[in-house]
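Descriptive analysis of the structure
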Amino acid sequence: MPDSRVPRRRRFLVCEPRHFAVQYAINPWMRPGEPVDVIRALDQWQALVDTYRAHGHTVETVAPVPGLPDMVFAANAALVVEGRVFGSLFHAPERRPESIPYQAWFKQAGFEEVHHPESVCEGEGDLVPAGRWILAGTGFRTTPEAHREVQEFFGIPVVGLTLVDPYFYHLDTALFVLDEENIAYYPEAFSPGSREVLARLYPDAVTATREDALAFGLNSVSDGRHVFISPGATALADQLAHRGYVPVPVDLSEFHKAGGGIKCCTQEIRENRS
Ligand code: ARG
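Just so it is clear, the structure is predicted and the values come from calculations on it, not from any experiment. (Residues numbered from 1 in each chain as written. Predicted model: local features only at pLDDT ≥ 70, side-chain atom pairs only at ≥ 80, totals over all residues. Heavy atoms only, no water.)

1. Topic: the sheet that holds strand β10 (residues 183-185)
- In space, the three strands of this open sheet follow the order β9-β10-β11, with mixed pairing throughout. At either margin of the open sheet sits one strand with a lone partner, and together these are β9 (175-177) and β11 (206-207).
- Examined bridge by bridge, β9 and β10 share three bridges and lie antiparallel to one another. If you follow Leu175 over to β10, its bridge partner there is Tyr185. (Pairing = 2+ DSSP bridges. Helix = DSSP H or I, 4+ residues; strand = E, 2+ residues; numbered from the N terminus.)

2. Comments concerning the nonpolar core
- Within the largest apolar cluster, 33 residues are counted, with the highest numbers of intra-cluster contacts made by Leu135, Leu175, Ile183, Phe190, Leu236 and Leu240.
- Of all the elements in the fold, those that place two or more residues in this core are β6 (127-130), β8 (158-162), β9, β10, β13 (226-229) and α6 (234-242).
- Leave out the neighbours within four places in its chain, and Leu240 touches Phe176, Leu178, Val206, Val227, Ile229 and Tyr245. (Core = buried A, V, L, I, M, F, W, Y, C linked by side-chain atoms within 4.5 Å. Buried < 20%, exposed > 50% of the residue type's maximum accessible area, 1.4 Å probe, protein only. Contact = heavy atoms within 4.5 Å.)

3. A closer look at the UniProt feature "active site" (unreviewed entry) in the protein
- What UniProt calls "active site" (unreviewed entry) maps, in this numbering, to His170 and Cys264. Despite a sequence span of 95 residues, these residues sit close together in the fold, their greatest C-alpha distance being 9.4 Å.
- By secondary structure assignment, the location of His170 is in the loop between β8 and β9.
- For His170, a relative accessible area of 1% translates into the label buried.
- Not counting chain neighbours up to four residues away, the residues in contact with His170 comprise Asn76, Glu122, Gly125, Asp126, Arg141 and Leu163.
- A distance of 2.7 Å separates a polar atom in the side chain of His170 from a polar atom in the side chain of Glu122. (UniProt positions renumbered as here; feature names shortened; annotations may be inferred. Polar contact = N/O pair within 3.5 Å; in protein donor to acceptor, adjacent residues only side chain to side chain.)

4. Some remarks on unusual backbone geometry
- For Glu82, which is not glycine, the phi dihedral falls at a positive 55°.
- The topology assignment puts Glu82 in the loop between β3 (78-81) and β4 (84-87).
- Take Glu82: its relative accessible area is 31%, and that puts it in the partly exposed class.
- Of note in this structure, Phe216 is not a glycine but carries a positive phi near 65°.
- Mapped onto the elements, Phe216 comes out in the loop between α5 (210-214) and β12 (221-222).

5. A short note on the site of the ligand
- With respect to spatial proximity, 17 residues lie near the ligand, and among them Asn27, Arg95, His170, Asp172 and Cys264 are the closest.
- In this structure, His170 approaches the ligand through a side-chain N or O atom, which is 2.8 Å from a nitrogen atom.
- The side chain of Asp172 places a nitrogen or oxygen atom 2.7 Å from a nitrogen atom of the ligand.
- Here the ligand loses 100% of its free accessible area of 350 Å² to cover by the protein chains.
- Its residues assigned to classes, the shell around the ligand shows seven nonpolar, six polar and four charged. (Near = heavy atom within 4 Å. Areas by Shrake-Rupley, 256 points an atom, 1.4 Å probe, with all protein chains shown as cover. Nonpolar A, V, L, I, M, F, W, Y, C, P; charged D, E, K, R; others polar.)

6. What about the packing of aromatic side chains?
- All chains considered together, the criterion is met by 15 aromatic pairs.
- Measuring from centroid to centroid gives 6.1 Å for Phe20 and Phe73, while their planes differ by 90°, and the two rings are edge-to-face. Taken together, the residues Phe20 in the loop between β1 (11-15) and α1 (38-54) and Phe73 in the loop between β2 (58-62) and β3 connect sequence positions 53 residues apart.
- Among the residues examined, Phe73 registers a relative accessible area of 3% and is labelled buried.
- Centre to centre, the rings of Phe106 and Phe111 are 5.7 Å apart; their planes meet at 85°, and the pair counts as edge-to-face. For the pair Phe106 and Phe111, a shared accessibility class is recorded, and that class is buried.
- Ring-pair connections join several aromatic residues into one group, and the members of that group are Phe12, Tyr52 and Phe228. (Phe/Tyr/Trp six-rings, centres within 6.5 Å; stacked < 30°, edge-to-face > 60°.)

7. What to know about the environment of Ala174
- Considering the arrangement of structural elements, one finds Ala174 in the loop between β8 and β9.
- Taking the C-alpha atoms as reference points, Ala174 and Glu188, 14 residues apart in sequence, are found 8.9 Å from one another.
- Residue contacts for Ala174: discarding those within four places in its chain leaves Leu163, Phe168, Ala184, Tyr185, Tyr186, Ala189, Phe190 and Leu218.

Here you go:
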């Protein structure tokens, strides 16, 4: 069974953490003034980029802007499906200016259709394309109004899910897509009704423990075979290996101080629907 898992080459957009810091608190992980080791952050981030490239993925970069310490979290900048870009409108005023350099990057990269959302929407942080639909988180950041806007823009069904634990404030901290058919998630991060929705849609899902989730194990990126995953999520990595996936540990511990991990640092550019 292990060799039946087929990787698909991805195109990623990332942002060097040259100006990364914890200067404000917009989630429970952040303690302003907590020192961040920028050299260590740069090394960890570079290791992520090198690992993606070593697995055949394309990685492009957007230039970091001074004064935007969370700009490294590229996932929040947009959702890109079929080459169409649904941009961001951040919840926190501190992050709002990030949308501008990212939208400029998409324009200069040749993406003609760049939508500016009317409601708060934090890109792939809360919007997760999963085969035939888009899973969409709400509760802390992205609004249900934005879910409607996303469905209208892409013409793809949007499945709304309510997050209830402030430590898992973005959908991508509580759930990730393994491949076209399946996901991994931490059930307790969701409202009872949303948990039931996930159980109906994914009876065969990989479910993670709170320990795995707190280790940023659900903030992973899968190419269908390799799962780039936080090394602290050991029980989850074992489960994935059992299912025939290949866990590839990448340590982004310096970014956990801001409430981010592997997926947060990774924007996926999807030319085709997936
Ligand atoms: N400090 C950032 C925030 O709270 C972290 C964002 C993490 N990104 C993510 N896709 N979950 O907004």
